[in-house]
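Chains, contacts and geometry: an overview
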Amino acid sequence: MIRRLLIGLGLAAVVLAVAWLASRADSSAPRTAVPLAAAQLAAQPAAISVISAISASSPAVLPLLPTATLFGGAARIGLTAGDGHAGVQDGPAAKARFADPYGLAISPGGTIFVADGGASNRIRSISSAGLVTALAGGEEGFKDGLGAAAQLHTPSGLALDAAGNLYVADTGNHAIRKISPQGLVTTLAGKGRPGFRDGAGTQALFNGPIGVAVDAQGLVYVADTYNDRIRVITPEGQVSTLAGAKLPGFKDGMGSAARFDTPGALAVDASGVIWVADTRNDAVRRITPQGLVSTLLRGNEQDEKDPLRRPLSIAVAHDGVLYLGVLRHGAVLQLSAGGALHRLSGGPSAHFARPTGLVLGPKGELHLADAGAYRVHVLQVLPAGESESVMASEIGPAPDLALPDTGGRWPLKPQLQSHEVVGTPGEVRGRHGGDSRDHLHEGLDVGGAAGVEVLAIADAKVSSPVSSWAMGQTSEGLALDTLSYIHLRVGRSASGRVLDADRFLLLHDERGNAERVRVRRGTHFKAGEVLGSVNSMAHVHVELGANGYKRNPLLLAFNGFADHAEPHIDAVEFFFKDSRKPLLQKKAGRLALPRQSAGLQVVVDAWDQVDDNQAGRRLGLHSLGYQILHSDGRPASGFERVRMNLDFKRLPVDDSAVKTIYASRSGVTVHGSAVTRFRYVLSNQAHDGEANAGSLDTSHLAPGDYVLRISAQDFAGNQARLGRDVLLRLN
């Protein structure tokens, strides 16, 4: 009787598990979800095989149902290793340094393996006790061997098999390497040069593979990133193509009929289905072991705010919930089996610089490599409704991260002589044909004639898998490690000639038209080398820092640059919230204001210049604040210090912040005027990547006469003196 009862309970558990997963799969999907065909779902094991069939030989031994993945809540983010500085330093996790921690794998015992690219070219390990050590690699190159005797070139994705062997997507060597538990590195497939060829082991060719995964049978799957294909390698080293074809694109289908665009990461679930982070397609793709490709979800490429923008990493839970790390928003997302999308890491306080590696640990915890911040994190999913704050010092790159060694160079010839600065960080920018307050300017604009050469200002190694973008558009650009160059013809002269075909890969579409220029992850550039030519924007836009952690490029101390000019304050206006009419009533020559705690806004119309600017050139400010003084100059109560409400040391990551910082009629105004106006809403706040609405609170001040003093400052520390004081009478 007991035996029958146990068997019955086991079968009931199976039914409950399958029913639960089926209910998840049937959940309503968002509009962007692309449902899988019923025939495709029917061909797969039910609900991605949560539990195995009960053994007939020992029916009383029942498997434990795994805990269902929490979905829809926030994440508790912890720091596993890395101090936010780039480097190669072993030792205690809190003091360890990584150069480019890209991919992750984890052993059943909890040891985390890190593919560290950049200047490291090592596979590192983090013990459960928090000690970081090197397992293999060191000097950049292509060489098998034990431990430090082996050579790698920009290792990216990692995967671990049941025997404890690591598989490395050795991107710069166009190869897949295998590392034994003892640290012996051998080449499973690839020859050290780019190309495309199936076949036996080291005769096969890859083109910058970045993602790798291994299934229960020991088959190794490869995201052959710049071949736009998914490849598979048998344990014996035989390489074949599972899906994808010569040209990038977006198409579902069987095998070579399908199309991918720069696939960056892979994960294999318990049923053998391969999940693909299809990076340039902003999509999550699904491949059966037989090679049938379908799409679970695709983002809207026309919407920059779509959460699924440039997925770089992927992991899959036992019950089919997917985790994604996305570049554009620096976020970790959850994706249900039914296509429901949820942002697990929320807001600017939990913004990752470049979330390139994801892996689930033995206890269901999620480990993340943030390559752009030189850190490794652990995320614990919380039940819906619970929240957890993030320590700012434990996420993102260190605020005092070492600057690239530019030697004071400019991005145009002559590199050691001054050029005109025509734009600074934090300025309001519009979109052609759209709103004049569309986004914040994130870099430094250096004026230059269209067609002149753009030069690298520092040695760099390409770290992003999608380092160039927008060919033929005014926003075309190239990212080299922590520096980005925008408004240029990447890798092309003014006439369209490709500068270096080995580094700048010109792709053509099916009709033979030039479609894009690719620059592979791991490509090296030297300071002074030509990166392209200035396009029709007639300036080079230089950005410094990782996504979400941009810094002012003026920190680079360009040779000959000087700024002795004070900012200008043209006007200070006061408004009731949501009103476009300024308060104008005066008493005894003073602006009459009501004493109130909310609803009063202060707008400052101000601008700056630097030495050698054209007379009509207007630049934005670096910081603004205010202080209320008594008429005799003493600070009023609560205003003992200047309230620096707006600063652009770190810009908000949300584009909507531009309308919190700038009032209407900012930007290039109408009626044919070419003058840019910077109308700052001084009563709002912008600090440390966040922007929030506020107001001028005067309710606690006694009626009487006061002075509102504006502090308007540029990057060099110059402050406006004229127009800074406004005489007030509080009623």
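Residues numbered from 1 in each chain as written. Predicted model: local features only at pLDDT ≥ 70, side-chain atom pairs only at ≥ 80, totals over all residues. Heavy atoms only, no water.

**Re the overall build of the protein chain**
Per the secondary structure count, the protein chain includes three helices and 56 strands. Sorting the 731 residues of the protein chain into buried and exposed places 54% on the buried side. Taking contacts inside the protein chain between residues at least 6 apart in sequence as the whole, the part at least 24 apart equals 59%. For the protein chain, the accessible surface area stands at approximately 30100 Å², while carbon and sulfur atoms represent 52% of it. (Helix = DSSP H or I, 4+ residues; strand = E, 2+ residues; numbered from the N terminus. Buried < 20%, exposed > 50% of the residue type's maximum accessible area, 1.4 Å probe, protein only. Contact = heavy atoms within 4.5 Å. Areas by Shrake-Rupley, 256 points an atom, 1.4 Å probe, with all protein chains shown as cover.)

**A word on the nonpolar core**
If you look at the biggest cluster of nonpolar residues, it comprises 39 residues, and the most contacted ones within it are Phe574, Val604, Tyr662, Tyr680, Leu708 and Ile710. Contributions of two or more residues to this core are made by strand 44 (568-576), strand 46 (590-593), strand 47 (600-607), strand 48 (623-630), helix 3 (658-661), strand 55 (704-713) and strand 56 (725-730). Of all the elements, strand 47 adds the most residues to this core, at five residues. In this structure Tyr680 touches Val602, Val603, Val604, Ala606, Gly620, Leu621, Leu624, Leu646, Phe648, Ile661 and Tyr662, once residues within four positions along its chain are discounted. (Core = buried A, V, L, I, M, F, W, Y, C linked by side-chain atoms within 4.5 Å.)

**Description of the side chain of His487**
Relative to the helices and strands, His487 resides in the loop between strand 37 (483-486) and strand 38 (488-490). At a separation of 2.6 Å, a polar atom in the side chain of His487 contacts the main-chain carbonyl oxygen of Thr474. Aside from chain neighbours lying at most four places away, what touches His487 is Thr474, Ser475, Glu476, Ser533, Val534, Asn535, Met537, His539 and His541. (Polar contact = N/O pair within 3.5 Å; in protein donor to acceptor, adjacent residues only side chain to side chain.)

**Topic: the confidence of the model for the protein chain**
Averaged over the protein chain, the pLDDT score is 89; the fraction of residues at 70 or greater is 90%. This stretch, residues 1-62, has a pLDDT under 50; its non-local contacts, to residues over four places away or in other chains, come to 67 contacts. (pLDDT = per-residue confidence, 0-100.)

**Digging into the sheet that holds strand 11 (residues 184-189)**
The strand order across the open sheet built from five strands is 7-11-10-9-8, with neighbouring strands paired in antiparallel fashion. Unpaired on one side and paired on the other, strand 7 (145-146) and strand 8 (155-160) mark the two borders of the sheet. Sheet topology places strand 7 next to strand 11; two bridges connect them, and they run antiparallel. Within strand 11, the residue paired with Leu146 across the bridge is Leu184. (Pairing = 2+ DSSP bridges.)

**Here we look at the packing of aromatic side chains**
Within the structure shown, the criterion is met by seven aromatic pairs. With a centroid separation of 6.1 Å and 45° between ring planes, the pair formed by Tyr626 and Phe639 is classed as tilted. Of this pair, Tyr626 sits in strand 48 while Phe639 sits in the loop between strand 48 and strand 49 (643-647); the two residues are 13 residues apart in sequence, bridging distant segments of the chain. An identical accessibility class is assigned to Tyr626 and Phe639; each is buried. Here the aromatic cluster, defined as three or more aromatic residues joined through ring pairs, consists of Phe648, Tyr662, Phe678 and Tyr680. It is Arg285 that lies over the ring of Phe260; its NZ or CZ is 4.9 Å from the centre. The aromatic ring of Phe250 is capped on one face by Arg298, whose charged end is 3.8 Å from the ring centroid. (Phe/Tyr/Trp six-rings, centres within 6.5 Å; stacked < 30°, edge-to-face > 60°. Lys NZ or Arg CZ within 6 Å of the ring centre and 35° of its normal.)

**Section: the sheet that holds strand 23 (residues 322-326)**
In spatial order, the strands read 22-23-24-25; together these four strands make up an open sheet with antiparallel pairing. Strands with a single pairing partner mark the edges of an open sheet, and in this sheet they are strand 22 (311-316) and strand 25 (341-343). Taken over all neighbouring pairs, the strand axes of this sheet differ in orientation by 25° on average, direction set aside. Pairing between strand 22 and strand 23: five bridges, direction antiparallel. Of the residues in strand 23, the one forming a bridge with Val316 is Leu322. (Axes fitted to C-alpha atoms, helices over the stretch in contact; angles between N-to-C directions.)

**Section: a nonpolar patch on the surface**
A contiguous nonpolar patch, built from Leu403, Leu555 and Phe715 and spanning about 220 Å² of accessible area, is present on the exposed surface. Take Phe715: it is sitting in the loop between strand 55 and strand 56. (Patch = residues over 30% accessible without salt bridge, like charges linked within 9 Å, V, L, I, M, F, W, Y side chains within 5 Å. Salt bridge = Lys/Arg side-chain N within 4 Å of Asp/Glu carboxyl O.)

**Topic: unusual backbone geometry**
Note that the residue after Lys413, namely Pro414, is joined by a cis bond; omega there is -15°. The topology assignment puts Pro414 in the loop between strand 28 (375-381) and strand 29 (421-423). Phi angles above zero are rare outside glycine, and His174 is one such case at about 55°. Tracing the sequence through the fold places His174 in the loop between strand 9 (166-170) and strand 10 (175-179). Residue classification places His174 among the buried positions, given a relative accessible area of 7%. With phi around 55°, Ala588 is a residue other than glycine that occupies positive phi space.

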